[in-house]
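Below are the chains, spelled out letter by letter.
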Amino acid sequence: MKNWGWGAVTLAVVAVLFLVSSSFYVLHIGQAAVVLNLGHESAVEQEPGLYFKWPFVQKIEIIDTRLRNGSSEPVIVPSAAHDRLELSFFEQWRVTDPARFYRHGLDAALAEKRIDDLLKEKAANAFRDADPVRMTPVQLQRSLDGLKQELARTLQAEGIALEGLQLLKVGLPQAQLHTVYSAMEQATLDRAKAIEASGKAKATQIRDQADAEKAQILAEAYRKAQTIKGAAESEAAGIYAAASDKDPKFYAFYRSLEAYRQSLGSQDVLVLPANSRFFDVLQHGMESTSR
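Heads up: these notes are all about the structure in this document. (Residues numbered from 1 in each chain as written. Predicted model: local features only at pLDDT ≥ 70, side-chain atom pairs only at ≥ 80, totals over all residues. Heavy atoms only, no water.)

1. Section: the environment of leucine 155
Argument step 1. For leucine 155, the position within the fold is in helix α4 (residues 137-156).
Argument step 2. The class of leucine 155 is buried, set by a relative accessible area of 0%.
Argument step 3. The spacing of leucine 155 and isoleucine 115 is 40 residues in sequence and 8.0 Å in space, taken between C-alpha atoms.
Argument step 4. If we ignore the near neighbours within four places in the chain, the residues touching leucine 155 are Arg114, Ile115, Leu118, Ile160 and Leu162. (Helix = DSSP H or I, 4+ residues; strand = E, 2+ residues; numbered from the N terminus. Buried < 20%, exposed > 50% of the residue type's maximum accessible area, 1.4 Å probe, protein only. Contact = heavy atoms within 4.5 Å.)

Here it is, written out as structure tokens:
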């Protein structure tokens, strides 16, 4: 009987402690509490402190209201200048209306996913007719501000305040990079071939022009040479004629010597009779011609 009494006391103490611990909850800085009475929302507490609740009747949902940072998954959007663009965003948000946040069945993870889904939907419209690659910083910021305002209106209805939105990356999807690089490589090769062909054409033109000038110079030189040669031969003929008029025999003898010189080579053998006039000249000189 005595043991039963101590057991009852112990059980009562445990029950009291359980009721006391279940009757209070603590809110820290950066937290809010949605108080539910039998599953229905009854109050929202946002100030730090110790609060009372009815055990078994009231349930407390603690919501983090601190500023949260996140990077979205890459967003693929169509573009007027490109087939597709890949955009990455950095966002800052916090819960400002815990009741609405709770009614939409959100928590931190679901809220981040909700923001990513909205970015994919809204960014496609914001950058559909734009080219973020060539936009000026002012134009890009204007587009971002418009996107932020549209997101903020949607998220406000769900108890979320969008504090900041920045564009981290603008580029092409990985699947398109190979195609773009191949096109750039082919364009460079085509340009190199065009430059090479232009250089060859200019080289051929220069060579043809040089050959034409060479032929013209050679023709002019040949013409001048023939003119000079003709003048020299004419002058020589005049000299020969003058010499022939002064001494016809000597001129005839000289012409004979020229004929012999042109007809005989260095290795030729000339057989002359003893009474040959040419032999006589070779043996006795010019005196024999005067006899």
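2. Remarks on helix α3 (residues 108-126)
Residues three or four positions apart in an α-helix share a direction because the helix packs 3.6 residues into each turn.
Argument step 1. For α3, which comprises 19 residues, the first-to-last C-alpha distance of 26 Å matches the rise-based estimate of 27 Å (1.5 Å per residue) to within 8%.
Argument step 2. The set of residues buried in α3 consists of Ala111, Ile115, Asp116, Leu118, Leu119, Lys122, Ala123 and Ala124.
Argument step 3. For α3, the elements touching its buried residues are β7 (75-78), β8 (84-95), α2 (98-103), α4 and β9 (160-171).
Argument step 4. The N-cap residue of α3 is aspartate 107: its side-chain oxygen and the backbone nitrogen of alanine 109 are 3.3 Å apart. (Expected span 1.5 Å × (residues − 1). Polar contact = N/O pair within 3.5 Å; in protein donor to acceptor, adjacent residues only side chain to side chain.)

3. Some words on the pattern of salt bridges
Argument step 1. Under the criterion given, the structure shown has 12 salt bridges.
Argument step 2. The shortest N-O distance in the salt bridge between glutamate 121 and lysine 122 comes to 3.9 Å.
Argument step 3. Residue arginine 223 pairs with glutamate 220 through a salt bridge whose shortest N-O separation is 2.4 Å. Of this pair, arginine 223 and glutamate 220 both sit in helix α5 (residues 174-246), 3 residues apart, which is roughly one turn of that helix.
Argument step 4. Connected via shared salt-bridge partners are Asp64, Arg66 and Arg68. (Salt bridge = Lys/Arg side-chain N within 4 Å of Asp/Glu carboxyl O.)

4. Let's talk about the side chain of aspartate 116
Argument step 1. Tracing the backbone shows aspartate 116 in helix α3.
Argument step 2. Among buried charged residues, aspartate 116 stands out as having no salt bridge; its nearest opposite-charge side chain is lysine 120, 6.6 Å away.
Argument step 3. With sequence-adjacent residues up to four places away left out, aspartate 116 is seen in contact with Ser72, Glu73 and Glu91. (Lys, Arg positive; Asp, Glu negative; His and termini not counted.)

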